[in-house]
Amino acid sequence: MAIDTDTSITTSLLTLLNVSATKSGKRKVSEEVFVPAEKLNKRKSARFSEPEPTSQKEANQPEEIVPVEEDNVQEQGPETSDGTDAYELHFGTNPTILSDSSRDSVDSNSWTTSKTRQGCLGSAVLSVPANSAIPETDETSIDILERLRTPFQARQSKKPREQIDLQNDLLSALSSRRDLYLTSTPLDSRKSIREGIALHAVNHVTKKRRRVLKNNERLAHAAKANPDAEPPQDTQDQGFTRPSVLFLLPFRSAALDWYSAITSHTPAPTFQIENQARFTSEYGLPPGAVDKLTDAEPGTYPPDHVETFKGNVDDNFRVGVKLTRKSVKMFAEFYGNADYLSSIEVLVVDQLDALSMQNWDHVKFIMSHLNELPKESRDTDFSRIKPWYLEGHAGYLRQSIFLAAYETSEARALYNNSLLNVAGKIRTQKHWSPVGVPEGIQQSFVHFDCVSPKDEAEKRFHHFTTQLLPAVLKSAVQSANTAVFIPSSFDFIRVENYFKKHSGVTFAVLSEYSTNQDISRARQAFFQGKKSFILISERFHFYKRHVPSLTSSDHCCSCGYFFTEFLSYPFLDEGVDSSDVTCRVLYSKYDWFRLERIAGTEAAAGLIKAA
């Protein structure tokens, strides 16, 4: 989002984009029930900040008067300007938390961590820069402007108590301006979470716009009172470019969900939505199209698969959203290069688990270019730029919000290495239970030694080709009707090439690039015994959710969601005995996140420790 310093039009720009659009050239399961975490006895319920009392004179005047047309008159409502406002404390001209010691601690990756409880968000790990004085904050206070808070509370009053508590605890955490990583977002709570984060984003833009308008007013009054005098020097309130909030999303359907969340806080007739028909047309399904996922009988497809792939799943898009006092304009202008990333103050990355199944390099590209100095000035008034932008310190104040259904090593690395917020960061923790599998299946977890993550791919491939695969080929039973499930795309290509050159066995391949005809042929050949092995990439199963019907199988599995499905499908055929089905999981200590989702947190810790 961004702000115009021109007093004729006051706008804010919010950006929704898929990471693949930043580079040229691209290419019946039960639903988890969300149970709100029990609050600690000493923790108070999150509450909205109360407006500060105003004098009679202030009550009879608009809070901020802008000498422009009526559309740009500042909205009514209390705003603190004495340095106690949470937005001003963090994003103001000279935030006290942005000290040399706090930046040094972040740069050296030196954090002080502690376990905490975030209400309905559950257990969490709080990290703050070591040896730095971080101001204490009211962990139960919610910093939302009255103009946005009142209608939001009215809508909340119609929701179940657990949803209200979840949203309030979420907004409380966000009001601290710390980074937040929700590592496990249940399906039934995602809409509420989106609404809460969208409110926080709209609140951020509104507060930034108010500050700009107030300073515009001061400058105009000062110039009118004494045209020859120097203008006020404390009016730094902007970044280099206009966009200040960025959403990274995997599909157009996700952008449509976030659009709905944002516009729920800008309802008609108070706000006018511009280009709404075009946006819903381009980001929804074509007229007359049938969504086979949502129209299917409940239980036909796994709920998480329906939630991820319903609607328009095109992954190449970028759209700007402009917010004014009375309107929301879709398809606002975009810069032609990555300059729009230079002044991002709030970053939201949704469905990290889905993004990890796309091109992760695109995510890293975005993260590496956030808050870099722009290549062009873009008509910037440098007298209005906040000092910490000019000093190259914007990344230390950016608030990042990560959302995922489950953790991956890529997402944790991003959290550890790319989030530099000197206010600190919060990461929720989930205790996983073992996944259910049909009783009687022979399961074995095979460990291979690896001392460095850089060597992990090579060590895994070596163990698979020299020990695991030869043992399978020696077995008359397991050398046929065996499925090999491979999480990494690079490993998948390597294993496929190895099978072509060295294995001496027949095999079929299922990857994310397989057409429906390819899938049908591979399944038929495997089922009829014409192919002894079938190689399946994790991305294939993620996108297609298609499992071959097996009579006996040996799997190398990763994700807990998929593990149960693979081990259950053989029993769709009659006459299959559980003793005929075997499963081998090849793992190292660097597979902790996948292993935890399969064996459960406690058992996974035991497997890693015993290895």
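J.: I tried to follow the packing of helix α12 (residues 360-369) against helix α14 (residues 409-418) on my own but got confused; where do I start?
T.: When two helices pack together, their arrangement is given by the angle between the helix axes and the distance between those axes. In contact at an axis separation of 12 Å, α12 and α14 are set at 10° when each is read in the N-to-C sense. By the angle between their axes, α12 is roughly parallel relative to α14. Residues Trp-360, Val-363 and Met-367 of α12 form the contact with α14, whose participating residues are Glu-410, Ala-411, Leu-414 and Ser-418.

J.: I tried to follow the environment of Pro-470 on my own but got confused; where do I start?
T.: Secondary-structure assignment places Pro-470 in helix α15 (residues 456-474). Taking relative accessible area as the criterion, Pro-470 reaches 27% and is therefore assigned partly exposed. Separated by 33 residues in sequence, Pro-470 and Ser-503 place their C-alpha atoms 8.9 Å apart. The residues contacting Pro-470, other than those within four sequence positions of it, are Phe-464 and Thr-465.

J.: When you look at empty space enclosed by the protein in this model, what are you seeing that I'm missing?
T.: Which parts of space are left empty comes out when a probe the size of a water molecule is rolled across the atoms. Counted as a void, the largest cavity has a volume near 200 Å³. Listed by contribution, the elements that provide at least two residues to the lining of the largest cavity are α6 (190-225), α7 (252-263), α10 (303-309) and α11 (352-355).

J.: Whenever I open this one, the pattern of salt bridges confuses me. Can you help?
T.: Where charged atoms from two side chains of opposite charge approach closely, those side chains can pair. On inspection of all chains with the given rule, the structure shows 24 salt bridges. Put simply, Lys-159 and Glu-195 hold a salt bridge, and the shortest N to O gap is 2.4 Å. Within this pair, whereas Lys-159 is found in the loop between α4 (146-156) and α5 (161-175), its partner Glu-195 is found in helix α6, the two being separated by 36 residues in sequence. The buried category is assigned to Glu-195, whose relative accessible area is 14%. Its salt-bridge partner being Lys-364, residue Asp-361 comes within 3.5 Å of it at the nearest N-O pair.

J.: Looking at this structure, I do not really get the pairing of strand β15 (residues 482-486). What am I missing?
T.: Judged by how many residues are buried, β15 sits mostly within the fold: five of five residues are covered. In this structure, β15 lies alongside strand β17 (residues 533-537), joined through five bridges in parallel fashion. Of the residues in β17, the one forming a bridge with Phe-485 is Ile-536.

J.: Would you take a moment to explain the packing of α7 against helix α8 (residues 276-283) for this structure?
T.: One can describe the packing of α7 onto α8 by two numbers: an axis separation of 9 Å at closest approach and a directional angle of 145°. Here Arg-252, Ser-253, Ala-255, Leu-256 and Tyr-259 of α7 lie close against α8, whose contacting residues are Gln-276, Phe-279, Thr-280, Glu-282 and Tyr-283.

J.: Sorry if this is basic, but what is going on with helix α17 (residues 516-527) here?
T.: One turn of the α-helix equals 3.6 residues, which is why residues spaced by three or four share an orientation. Given a rise of 1.5 Å per residue, twelve residues ought to cover 16 Å, and the 16 Å separating the end C-alpha atoms of α17 matches this to within 8%. Of the positions making up α17, those classed as buried are Ile-519, Ala-522, Ala-525 and Phe-526. The arc that holds the buried residues of α17, viewed along the axis, is 140°, so those residues lie on one side. Those residues of α17 that are exposed and angled more than 90 degrees off the buried face are Asn-516, Arg-521 and Phe-527. In the core, the buried residues of α17 are packed alongside β15, β16 (507-510), β17 and α18 (538-544).

J.: Which parts of the structure should I look at to understand the sheet that holds β15?
T.: Strand pairing in a sheet takes place through backbone hydrogen bonds and is either antiparallel or parallel in direction. Reading across from one edge, β15-β17-β16 is the order of the three strands in this open sheet, with parallel pairing throughout. The open sheet terminates on both sides in strands that have one partner only, identified here as β15 and β16. Ignoring which end each strand starts from, the neighbouring axes of this sheet average 20° apart. Inspection of the sheet shows β16 paired to β17 by four bridges, in the parallel sense. Bridge assignment links Leu-510 to a residue of β17, and that residue is Ile-536. On top of the sheet, α17 reaches β15, β16 and β17; it is set at about 145° to β16, its chief contact.

Parameters and conventions
Residues numbered from 1 in each chain as written. Predicted model: local features only at pLDDT ≥ 70, side-chain atom pairs only at ≥ 80, totals over all residues. Heavy atoms only, no water. Axes fitted to C-alpha atoms, helices over the stretch in contact; angles between N-to-C directions. Helix = DSSP H or I, 4+ residues; strand = E, 2+ residues; numbered from the N terminus. Parallel < 35°, antiparallel > 145°, perpendicular 65-115°, else oblique. Contact = heavy atoms within 4.5 Å. Buried < 20%, exposed > 50% of the residue type's maximum accessible area, 1.4 Å probe, protein only. 1 Å grid on protein atoms, 1.4 Å probe; cavity = no way out; pocket = protein on both sides within 12 Å on 5 of 7 lines; lining within 4 Å. Points joined across faces, edges and corners; volume = space filled by probe spheres on them. Salt bridge = Lys/Arg side-chain N within 4 Å of Asp/Glu carboxyl O. Pairing = 2+ DSSP bridges. Expected span 1.5 Å × (residues − 1). Arc of directions from axis to C-beta.

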